Every structure is written in structure tokens, then in C-alpha cells.
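Report on the structure
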Amino acid sequence: MGTIKIAPSVLSADMANLKGDLDKIAGADYVHFDVMDGHFTGNLTFGVDILKAVKRSTDVPVDAHLMVSNPDETVDWYADAGADMITVHYEASTHLHRTLTHLQQRGVKAGVVLNPATSVCVLESIIEVVDIVLLMSVNPGFGGQSFIPGTIAKLHELKAMCERHGVSPLIEVDGGISSKNIAEVVKAGADVLVAGSAVFKSEDPAAEVALLQKLGNEAAQEA
Ligand code: DX5
Ligand code: ZN
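One structure accompanies this document, and this report is about it. Since this is a predicted model, take the numbers as computed values, not measurements.

Some points on the packing of aromatic side chains
Applying the stated criterion across every chain, the model contains 2 aromatic pairs. The interplanar angle of 40° and the centroid separation of 4.7 Å between the aromatic rings of Phe 33 and Phe 46 together place this pair among those described as tilted. Of the two residues, Phe 33 sits in strand β2 (residues 31–36) while Phe 46 sits in the loop between β2 and α2 (48–57), which places them 13 residues apart along the sequence. Note on Trp 77 and Tyr 78: the rings are 6.2 Å apart at their centroids and 45° apart in plane angle, and the pair reads as tilted.

Listed below in C-alpha cells is the structure:
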């Protein structure tokens, strides 16, 4: 097992054949579960019942990415449904510190997500508390968008901040990741790479996960 983790996003899976698609990614490190509420994002996806169905269908840990307004009020729904890791948006959270520490007390890995327009400097007062920082490399709402190049500079800033504070949260990047750019993103400091369309729209999702793991780990060794 390498250090780089691949998290296929079920946003791009076939909802009519979810169990079959989850079986194809049994070799992945996390299942990335994109919750959109039609308010924080203009799109609406799935909630706790589907999360429970995912938990019944796979042993791969679930990484729930909550693109919802007021996550402070609803994180327990996802913890109760079995999410192993929960990330909430900085832009949507009023009581971020309380929400993250609450999840940790429940035994759930807790993280904060930043939209492309949000500077990493907003993490200065919370970085020592978080288990995960997720940098969005697309604007949240849809799969299949192009990677925003400015994410690379944000990764460097985030790594420098972590070093200053003497902490090493998992660093996750979400949006537009494929075999073409994974090496660059890993070299800039990412540990967990979300890939939706690159995995589920490929001919062979299992092989695509293995390829991303291989390319990611090779890049980590070169970094
Ligand atoms: C976007 C979601 C992503 C999305 C990534 O709002 O948070 O997780 O599924 O999809 P790709 O990999 O296709 O950009
Ligand atoms: Zn996501």
C-alpha cells in the first residue's frame, strides 16, 4: 500500500447499478460521497439513505463531502449513517471549530473544504484541529469539469502553513483529476485524490483506480 489515496466519486457512478459500480472500485482507498443540497450548490444529489446503502455494499471507507448549507446542523445524520470521514465547507459553516471537534469526539475524521475562490489563509486558526483539508479544484456542483490550475499554488501555501504549525492533516484535492495531472497535484502536496469521471466513465474503473494509485505513488516518491 502506498501513501497516496484514491477516492472515486460516486457522483459519476451508475445509480441504477450502484453495487456493481462499487464492486469495480473495491481496490480504492475511499469512496467519495458528494452530498449536494440544491442550496449551497445549484445541483441536488443524494443523502443518508443512499449513504447507508453504500455502507452496506462496500468495505471501502466512505469520505462524505457535504456541499450543503448549515452543515453544523446536519453532520450527525452522516455520522449516524456510517461515514468514516466527513468534510464540510468553510463557506457554509458558522461554527466550524465546534462541528469539527464534535465529529472527532464521535470517532469520525473531520475536515474542512475550501472553494477555489477561498484563500488557504482562512485556515490559520483551525489548521491544528483538522484531520483533513480538502481543496476544491473545480467549483462544486458537477462532475466532469476542468482542473483549475491555481490549485497548485494553493497546495504549496497550505503545505507551508502546515509546516509552520507543525501539523500534517491529510490534504485532499477534488475536481478534474485524471492520469494526466495526478503527478503534478501529488508533487504539490496532495495525499488524497478524488476522481469521479476519470474512474467511472472509463472502460475499466478498477484498472483506472490502480493506474491512479501507481502514478500517484510514483510522483510521491519523486517529490
Ligand atoms: C464536484 C464534486 C466532485 C466531483 C468530481 O462538486 O465535489 O467530487 O465528483 O468529479 P470529477 O472527478 O469528474 O471532476
Ligand atoms: Zn466532492
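A look at the environment of Thr 99
Note that Thr 99 resides in helix α4 (residues 96–105). Through-space distance from the C-alpha of Thr 99 to that of Thr 74 is 9.8 Å; in sequence the pair is 25 residues apart. Sequence-distant contacts of Thr 99, that is, excluding residues within four places in its chain, are made with Asp 72 and Val 75.

Here's the deal with unusual backbone geometry
Despite not being glycine, Asn 70 has its phi angle at roughly 50°, a positive value. Tracing the sequence through the fold places Asn 70 in the loop between β3 (62–67) and α3 (71–80). The exposure class assigned to Asn 70 is partly exposed, which follows from its relative accessible area of 39%.

Considering the pattern of salt bridges
A side chain of one charge can pair with a side chain of the opposite charge when the charged atoms of the two come close. Under the counting rule described, the total for this entry stands at 8 salt bridges. Lys 19 is the salt-bridge partner of Asp 23, the closest N and O atoms lying 3.0 Å from each other. Within this pair, Asp 23 and its partner Lys 19 are both found in helix α1 (residues 18–24), separated by 4 residues, close to a single helical turn. We classify Lys 19 as partly exposed; its relative accessible area is 44%.

Overview of the layout of surface pockets
Looking at the largest pocket, its volume works out to about 230 Å³. Every residue lining the largest pocket is counted, 25 residues in all, and those nearest its centre are Phe 142, Gly 143, Asp 174, Gly 175 and Gly 176. For the lining of the largest pocket, the secondary structure elements donating two or more residues are β2, β3, β8 (192–195) and α7 (197–200). Among the residues forming the lining of the largest pocket, the class breakdown is 11 nonpolar, 12 polar and 2 charged.

Things to note about the site of ligand 1
The local shell around ligand 1 holds 20 residues, among which Asp 34, Asp 174, Gly 176, Gly 196 and Ser 197 are the closest. Ser 197 places a polar side-chain atom, nitrogen or oxygen, 2.5 Å from an oxygen atom of ligand 1. Burial of ligand 1 by the protein chains amounts to 99% of its free accessible area of 380 Å². Applying the majority rule of atoms within 2 Å of the grid points places ligand 1 in the largest pocket. The biggest single contributor to the shell around ligand 1 is β2, with 3 residues. Partitioning the shell around ligand 1 into residue classes produces 8 nonpolar, 10 polar and 2 charged.

Some details on helix α8 (residues 205–222)
A rise of 1.5 Å per residue sets the reference length of α8, with its 18 residues, at 26 Å; its end C-alpha atoms lie 26 Å apart and thus fit the reference within 8%. The set of residues buried in α8 consists of Pro 205, Glu 208, Val 209, Leu 212, Gln 213, Gly 216, Asn 217 and Ala 219. The arc enclosing the buried residues of α8, seen along the axis, measures out at 160°, which places them on a common side. Within α8, the exposed residues directed more than 90 degrees away from the buried face are Gln 221 and Glu 222. Its buried side turned inward, α8 meets β1 (5–8), α1, α6 (182–187), β8 and α7.

Some points on the nonpolar core
In terms of nonpolar packing, the biggest core is built from 62 residues, with Val 10, Leu 66, Ile 86, Leu 123, Leu 158, Val 185 and Leu 193 touching the most fellow members. Here the element with the most residues in this core is helix α5 (residues 151–165); it accounts for 5 residues. Membership of the second largest hydrophobic core comes to 6 residues, among which are Ala 7, Met 85, Ile 132 and Val 194.

Cut-offs used in this document
- Residues numbered from 1 in each chain as written.
- Chains lettered and ligands numbered in written order.
- Predicted model: local features only at pLDDT ≥ 70, side-chain atom pairs only at ≥ 80, totals over all residues.
- Heavy atoms only, no water.
- Phe/Tyr/Trp six-rings, centres within 6.5 Å; stacked < 30°, edge-to-face > 60°.
- Helix = DSSP H or I, 4+ residues; strand = E, 2+ residues; numbered from the N terminus.
- Contact = heavy atoms within 4.5 Å.
- Buried < 20%, exposed > 50% of the residue type's maximum accessible area, 1.4 Å probe, protein only.
- Salt bridge = Lys/Arg side-chain N within 4 Å of Asp/Glu carboxyl O.
- 1 Å grid on protein atoms, 1.4 Å probe; cavity = no way out; pocket = protein on both sides within 12 Å on 5 of 7 lines; lining within 4 Å.
- Points joined across faces, edges and corners; volume = space filled by probe spheres on them.
- Nonpolar A, V, L, I, M, F, W, Y, C, P; charged D, E, K, R; others polar.
- Near = heavy atom within 4 Å.
- Polar contact = N/O pair within 3.5 Å; in protein donor to acceptor, adjacent residues only side chain to side chain.
- Areas by Shrake-Rupley, 256 points an atom, 1.4 Å probe, with all protein chains shown as cover.
- Sits in = over half its atoms within 2 Å of the grid points.
- Expected span 1.5 Å × (residues − 1).
- Arc of directions from axis to C-beta.
- Core = buried A, V, L, I, M, F, W, Y, C linked by side-chain atoms within 4.5 Å.

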